[in-house]
Amino acid sequence: MSPDSSAIQTLAEALDRYPIAPELGLLNVKQALFTLSQVFSDNHTPPCVQQRTQGAILSLDHIIRTQPIYDPLLFVALHEMLDGFEQYVLAYGLGEAYLHIALPRFEQTGFCWRLLEQKKEQAVKRPIHAYEAHLNAVTASAMIPQMSQLAGLGEVSFHLNMESQPSQKGYFKLLTVQPFDWLQKSFPMFSWRHSRCRNLEYEMVWLASSYALAFLSAQLPRGERQRLLDSMSEWIRVEHYRAFSMLFTRLHQEVVIEQGDSLVPGALQSAKTTLIAGQLARPERIAGCYFKALLPHASLTQTSSPLLASATQYTLLGRDVLSSWLCVIDLGRQRLAFAQSDFMGCFSLQNMQLQSLGSNRWMCHFDCGLSAELEIDSELFSVLDGRLESHSGEGFELFVTQQCSRNIAIAIKGVVQLEGICAFSLRPSGSTKNIWLTAQGECFVEPWLTGSRTPAPILTELQSLPTRVNDVKRTGYYQLMFTGGVLWVAANLVADLISIASGASFYLFSREQKVCERGLLHGMEYYSQIVSLDVGQEGRFALLLAGHRCAFLSSSVAWCDKLPDQLSVTKINQLNLVKHEHAVWQLASRAHHEHDFVINTDNISNFIHYLWPQHSVESASNYD
């Protein structure tokens, strides 16, 4: 008895369904193979044929469970497999003497078997996308076959506009794993668009917290942690990230897109930026967020960083949720971190020529053709007679990184590669570009170099970014005592009240002030404006202001449901700041007796501007 040719016919029909409805087609192919395997088993088919059939079933089962998208290579491989089965059935019908012609197709590791095995090993769960398929007019008779076609791709529903004419206007909503480009090519009768029913901004806030919690967790077993991070990062990249180059349309050849393959937030942003002649675009990560930086390409010939900064336009793309590989460099006094994507190379002094730019500024020219401005403020060397002289007699090398399209060389003792995740701040300090955290509990600062500072437009852009999914509604006032007064802070201004732990602080050596500045980390947010209300002692609590990078340190904090009756409020300009250890500001009163100071929604902006005028949004035009 020969194998049932009807099973081969069923397999061919199922395979024809695959390009139209990938998942349904593969389910039909799997069922046809299962039927074929039963026929082979009943007829004592050679082991190599049965093994290939069972292997194909297992591979398809893995692919189907990961919700497959259409794969043209898989389609070719399945056709090659079908041809092999057809050849075997034909040879079997002609007699055993002809089987030797067909069996090599199963004994040898052909393309189809290799690809099916590869697909089984590389199967990854794919995220489900929400799409809208629009037609100008849909009649009742045409709606059913169209819904049937789309139903083969996933969950489909029809949404009708509020009209009552025979020809109704509406759209189909489709939940599927299939990519947008494939839908456009396969169903050109529809106008496709991404469904925007989800609040993507707040979804990113939730994802940022979830991914960071998994990345920084020391409790999860290593394998389980890595599997969790891999699955989350794959979903985040597909749903919320896109290649930086996809944000632009080019109307002229004389444009430059740096790091165009880098993935940045904003996967569903539909409007593209048109680049014009002489323009350069690059992604820039500042304060834990990605920005689209546009600047005139010609300005790169300028060596003055203020000129370059003033010519750059910044547009916020969103928080950087995912981890990145870092180059952590050793400077002797401290270690700093820079994104590996900005790393240009490490060079010995023998491969470099030094050129004076005047005003104690120097340009390094390396034998490979790369040039970089030298970060002159270093404890490792001095420039003497146009040469770099080591202070300790020990050797060092030059680490070159990019900041805002400028190559900068830093003298280092060594460099290591680590994986880190970027902390976030709504109000980044002028000298700190990013704060990086590692899974080992280490904290590294990525500073601005060669006198650069956080660009003023960044402060305004960050105000539009949501930071919390569900803000806690607080009422009343927090009472903080200090020498010469009492500070009353409206509870609705407070992001959190936390106890101070040693692991919550980080320190950055400021090249400008020649001191070690203190910052405070809370979760994935950092606060770099620290105010102490206690003289000569460490505060036990930190009161964090929402939407700002200010933290008040105090040994005691009390809460009241309302302000005391007949409270005499003193103006904020009677407050005084005194510089304390680690650049922490000591709060005091200029008055000779105790005064009450109130901070609420009416004067919070004035308070921030009074304490740090150079860092407030109100003074962004004078930001330095």
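Our structure's up above, just so we're on the same page.
None of the values given here were measured: they were computed from a predicted structure.

**Here we look at the overall build of the chain**
Turning to step 1, where the next piece is worked out: Looking only at helices and strands, the chain features 14 helices and 38 strands.
Turning to step 2, where the next piece is worked out: Out of the 624 residues in the chain, the part that is buried amounts to 49%.
Turning to step 3, where the next piece is worked out: Pairs at least 24 residues apart make up 63% of the contacts formed inside the chain by residues separated by at least 6 positions.
Turning to step 4, where the next piece is worked out: Accessible surface, the chain: about 30,200 Å² in total, of which carbon and sulfur atoms supply 51%.

**A word on the sheet that holds strand 16 (residues 352–358)**
Turning to step 1, where the next piece is worked out: Judged by pairing direction, the sheet is mixed, and its six strands sit side by side in the order 15-21-22-18-17-16 without closing on themselves. Edge positions in the sheet fall to strand 15 (343–347) and strand 16, since each of these pairs with one other strand and no more. Here the average twist between neighbouring strands, direction ignored, is 30°.
Turning to step 2, where the next piece is worked out: Note that strand 15 and strand 21 (residues 397–403) share four bridges and pair antiparallel. In the strand pairing of strand 21, Cys346 is matched with Phe399.

**Structural notes on helix 4 (residues 72–94)**
Turning to step 1, where the next piece is worked out: Given a rise of 1.5 Å per residue, 23 residues ought to cover 33 Å, and the 33 Å separating the end C-alpha atoms of helix 4 matches this to within 8%.
Turning to step 2, where the next piece is worked out: Within the span of helix 4, buried status applies to Leu74, Phe75, Ala77, Leu78, Met81, Leu82, Gly84, Phe85, Tyr88, Val89 and Ala91.
Turning to step 3, where the next piece is worked out: N-cap assignment for helix 4: the residue whose side-chain oxygen lies 3.0 Å from the backbone N of Leu73 is Asp71.
Turning to step 4, where the next piece is worked out: Taken from the residues just after helix 4, Gly95 is the one with a positive phi, measuring 120°.

**Here we look at the nonpolar core**
Turning to step 1, where the next piece is worked out: Counting 44 residues, the largest nonpolar core has Tyr211, Phe291, Val321, Ile329, Ile410 and Leu462 as the members making the most contacts within it.
Turning to step 2, where the next piece is worked out: Per-element tally for this core: the top contributor is helix 10 (residues 200–216), with seven residues.
Turning to step 3, where the next piece is worked out: Not counting residues up to four positions away in its chain, the partners in contact with Ile410 are Ile329, Leu331, Phe338, Glu375, Glu397, Leu398, Phe399, Thr401 and Leu449.
Turning to step 4, where the next piece is worked out: Counting residues in each nonpolar core, the second largest holds 38 residues, with Ala14, Leu33, Phe40 and Trp113 among its members.

**A closer look at the sheet that holds strand 4 (residues 191–194)**
Turning to step 1, where the next piece is worked out: Ordered in space as 2-3-1-4, the four strands form an open sheet in which the pairing is antiparallel. Taken across any chain shown, the strands that pair with only one partner, and hence form the sheet edges, are strand 2 (155–160) and strand 4. Shown here is a sheet whose adjacent strand axes are inclined to one another by a mean of 25°, direction ignored.
Turning to step 2, where the next piece is worked out: Alignment of strand 1 (residues 129–134) against strand 4, held across four bridges, turns out to be antiparallel. Bridge pairing links Ala133 to Trp192 in strand 4.

**Digging into empty space enclosed by the protein**
Turning to step 1, where the next piece is worked out: In total, this model carries three cavities of 30 Å³ or more according to the counting rule given.
Turning to step 2, where the next piece is worked out: With four residues, the top contributor of residues to the lining of the largest cavity is strand 10 (residues 279–286).
Turning to step 3, where the next piece is worked out: Across the lining of the largest cavity, the residue classes tally to three nonpolar, three polar and six charged.

**Focus: the pattern of salt bridges**
Turning to step 1, where the next piece is worked out: A full pass over the atoms with the stated rule returns 11 salt bridges.
Turning to step 2, where the next piece is worked out: A salt bridge links Glu373 to Arg361; the shortest N-O distance between them is 3.0 Å. Of the two residues, Glu373 sits in strand 18 (residues 371–374) while Arg361 sits in strand 17 (residues 361–366), which places them 12 residues apart along the sequence.
Turning to step 3, where the next piece is worked out: Judged by its relative accessible area of 25%, Arg361 is partly exposed.
Turning to step 4, where the next piece is worked out: We note a salt bridge from Asp496 to Arg474, for which the minimum N-O separation is 3.9 Å. Of this pair, Asp496 sits in strand 28 (residues 494–499) while Arg474 sits in the loop between helix 13 (456–462) and strand 26 (477–482), and the two are 22 residues apart along the sequence.
Turning to step 5, where the next piece is worked out: Each of the salt bridges in this network shares a partner with another, and the network as a whole consists of Glu258, Arg282, Glu284, Asp342, Lys433 and Glu446.

**With respect to the packing of helix 1 (residues 5–17) against helix 2 (residues 22–42)**
Turning to step 1, where the next piece is worked out: In the contact formed by helix 1 and helix 2, the axes pass within 7 Å of each other and the chain directions differ by 165°. Considered as vectors, helix 1 and helix 2 are oriented roughly antiparallel to each other. The hand of the helix 1/helix 2 crossing is left-handed. Between helix 1 and helix 2, the residues in contact are Ala7, Ile8, Thr10, Leu11, Ala14, Leu15 and Arg17 and Leu24, Gly25, Asn28, Val29, Ala32, Leu33 and Leu36, respectively.
Turning to step 2, where the next piece is worked out: Taken together, the residues that form the contact of helix 1 with helix 2 break down as 10 nonpolar, three polar and one charged.

Rules used throughout
- Residues numbered from 1 in each chain as written.
- Predicted model: local features only at pLDDT ≥ 70, side-chain atom pairs only at ≥ 80, totals over all residues.
- Heavy atoms only, no water.
- Helix = DSSP H or I, 4+ residues; strand = E, 2+ residues; numbered from the N terminus.
- Buried < 20%, exposed > 50% of the residue type's maximum accessible area, 1.4 Å probe, protein only.
- Contact = heavy atoms within 4.5 Å.
- Areas by Shrake-Rupley, 256 points an atom, 1.4 Å probe, with all protein chains shown as cover.
- Pairing = 2+ DSSP bridges.
- Axes fitted to C-alpha atoms, helices over the stretch in contact; angles between N-to-C directions.
- Expected span 1.5 Å × (residues − 1).
- Polar contact = N/O pair within 3.5 Å; in protein donor to acceptor, adjacent residues only side chain to side chain.
- Core = buried A, V, L, I, M, F, W, Y, C linked by side-chain atoms within 4.5 Å.
- 1 Å grid on protein atoms, 1.4 Å probe; cavity = no way out; pocket = protein on both sides within 12 Å on 5 of 7 lines; lining within 4 Å.
- Points joined across faces, edges and corners; volume = space filled by probe spheres on them.
- Nonpolar A, V, L, I, M, F, W, Y, C, P; charged D, E, K, R; others polar.
- Salt bridge = Lys/Arg side-chain N within 4 Å of Asp/Glu carboxyl O.
- Parallel < 35°, antiparallel > 145°, perpendicular 65-115°, else oblique.
- Left-handed = near helix turned anticlockwise from the far one by under 90°.

Interpretation note: all reported values are geometric properties and have no functional meaning in isolation.
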